[in-house]
Amino acid sequence: MTLALYRYRLPLTHPLLLGGRRLDERQGLLVHVAGQWGEIAPLPGFSRENLSDAEGESLTCLAALRRGEKIAPRLPSVQFGFDCARRRWPTRAAPLPEPYPLLRGTPEEWLASVGTRRGRALRKVKLKVARHPMADELASIQHICEHHPSLELVLDANCRWSRTQALAFCTQLEPGRIDYLEDPCADFADIAAVAEATGIAVALDELLTRRAPWHPIAQLKALVLKPTLLGSLAHSEALVTKARTLGLEVVASSSFESDLGLGLLARLAAEWAPGQAPGLDTRHWLASSLLDERHQPRPDFLTRLFYDECYRDDRHD
Ligand SMILES: O=C(O)CCC(=O)C1=CC=C[C@@H](O)[C@@H]1C(=O)O
Ligand SMILES: [Mg+2]
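Residues numbered from 1 in each chain as written. Chains lettered and ligands numbered in written order. Predicted model: local features only at pLDDT ≥ 70, side-chain atom pairs only at ≥ 80, totals over all residues. Heavy atoms only, no water.

### Topic: the site of ligand 1
- The environment of ligand 1 is made up of 18 residues, and the closest members are Tyr100, Lys126, Asn158, Lys226 and Ser253.
- Lys126 places a polar side-chain atom, nitrogen or oxygen, 2.8 Å from an oxygen atom of ligand 1.
- For ligand 1, an oxygen atom lies 3.3 Å from a polar atom in the side chain of Glu182.
- At a threshold of 2 Å from the grid points, most atoms of ligand 1 map onto the largest cavity.
- Its residues assigned to classes, the shell around ligand 1 comprises six nonpolar, five polar and seven charged.
- Residues lining the shell around ligand 1 come from more than one domain, with at least three contributed by each of domain 1 (3–88 + 289–308) and domain 2 (102–285). (Near = heavy atom within 4 Å. Polar contact = N/O pair within 3.5 Å; in protein donor to acceptor, adjacent residues only side chain to side chain. 1 Å grid on protein atoms, 1.4 Å probe; cavity = no way out; pocket = protein on both sides within 12 Å on 5 of 7 lines; lining within 4 Å. Sits in = over half its atoms within 2 Å of the grid points. Nonpolar A, V, L, I, M, F, W, Y, C, P; charged D, E, K, R; others polar. Domains from an automatic or database assignment.)

Dropping the structure here:
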């Protein structure tokens, strides 16, 4: 059976600004283990490892698998990729609602795109806040709330505010109109203080990938899980279990993976949070599809880094 690693490069529809860095194309790795694929795509600005770290560790793991040894990767993206490639996936998946749209433009651009997208009325949308003057963001949110009374609004501040700034923003919002605010501040103590003082529902994303401490509070509504950044599927699954125990929503979220990775994330989302619209709208930034009509990676986007046809798969021993 085949054991292989490929690097992919995919063009983007427009450059991505992530954590202060500009990304002009998406690069990542695809691992193939006995007929199953996994994607290893550290996200610049968000992952602690870079692509060459991930490539080095992936090659070490493949060499170990070829020798029949067990592997224990340390880098989150590598753990995720190998876990997907070696997972026993359920044969039946629950139906999954469409991903809710992610809008990253200016507050004026939100207004233009929020009414409809692809000609259809929206039920829920995510806006990236803490990027433009607070007054402009608040004015556009107010306008959206007035003109789209049934639209669910998710806001994501990516930990960019201090407690004072987050309080200034959140006191201007109507708590009942905001589904939840993701990562208003970097520290949980600040997030909790803002949520408790303003009644705004909050969700945790980056705090989970940093493995920072948190505890349930009344306004904590959801855990946003980015498996590529969280690492092993066992770790993501432990968070799913914790969320269920605490009565929190689970939102499976992408990290600008290729369409192959997005397909894997959609399958996990259907298992972990059936009925919940996932945060997988990052497909719109990819100018090309990595997969062909038969759902196989297209060779023209791939560079082969490792290939062995004699692998003996002992997953079912
Ligand atoms: O969660 C979603 O709805 C989509 C993914 C998403 O919003 C993000 C992916 C990766 C980095 C960020 O730009 C952003 C986020 O912070 O959640
Ligand atoms: Mg986020």
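Having seen the model, we can carry on.
### Some words on the UniProt feature "active site" (unreviewed entry) in the protein
- Mapped onto the present numbering, the UniProt feature "active site" (unreviewed entry) falls on Lys128 and Lys226. Among the annotated residues just listed, those lining the largest cavity are Lys128 and Lys226.
- Here Lys128 is in contact with Leu102, Leu103, Arg104, Trp110, Glu137, Asp156 and Asn158, once residues within four sequence places are set aside.
- For Lys226, the residues in contact, after removing those within four places along its chain, are Glu182, Asp205, Ser253, Ser254 and Ser255. (UniProt positions renumbered as here; feature names shortened; annotations may be inferred. Contact = heavy atoms within 4.5 Å.)

### What about the domain arrangement of the protein?
- Assigned domains within the protein: domain 1 (3–88 + 289–308) and domain 2 (102–285).
- One C-alpha centre belongs to domain 1, the other to domain 2; they are set 26 Å apart.
- Each partner contributes to the interface: domain 1 provides 29 residues, whereas domain 2 provides 26 residues.
- Contact between domain 1 and domain 2 buries roughly 2,300 Å² in total, counting both sides, with carbon and sulfur atoms accounting for 61%.
- Broken down residue by residue, the surface that domain 1 buries against domain 2 is led by Phe46, Phe80 and Arg87, which jointly contribute 28%.
- Applying the counting criterion to the domain 1 and domain 2 interface returns two salt bridges.
- Ionic pairing is found between Arg87 and Glu237, a salt bridge with its closest N-O pair at 3.0 Å. (Buried area = accessible area lost by both parts, 1.4 Å probe. Salt bridge = Lys/Arg side-chain N within 4 Å of Asp/Glu carboxyl O.)

### Digging into the state of the cysteines
- Applying the stated rule across the entire model yields zero disulfides.
- Among the cysteines around Cys145, which has no disulfide bond, Cys170 carries the closest sulfur, lying 13 Å off. (Disulfide = S-S within 2.5 Å.)

### Looking at helix α5 (residues 163–170)
- Listed in full, the buried residues belonging to α5 are Ala166, Phe169 and Cys170. Around the axis of α5, the buried residues are gathered within 90 degrees of arc, so they sit on the same side. (Buried < 20%, exposed > 50% of the residue type's maximum accessible area, 1.4 Å probe, protein only. Helix = DSSP H or I, 4+ residues; strand = E, 2+ residues; numbered from the N terminus. Arc of directions from axis to C-beta.)

### Focus on the coordination of the magnesium ion (ligand 2)
- Within the protein, the magnesium ion (ligand 2) binds to Asp156 (OD), Glu182 (OE) and Asp205 (OD); these donor distances fall in the range 2.1 to 2.3 Å.
- Sequence positions of the residues that donate to the magnesium ion (ligand 2) give the spacing D-x25-E-x22-D. Here Asp156, found in strand β8 (residues 152–156), pairs with Glu182, found in strand β9 (residues 178–182); they are 26 residues apart in sequence, far enough to count as distant.
- Judged by its relative accessible area of 1%, Asp156 falls in the buried class.
- Since its relative accessible area comes to 0%, Glu182 is described here as buried. (Donors = N, O, S within 2.8 Å, 3.2 Å for Na, K, Ca; no water.)

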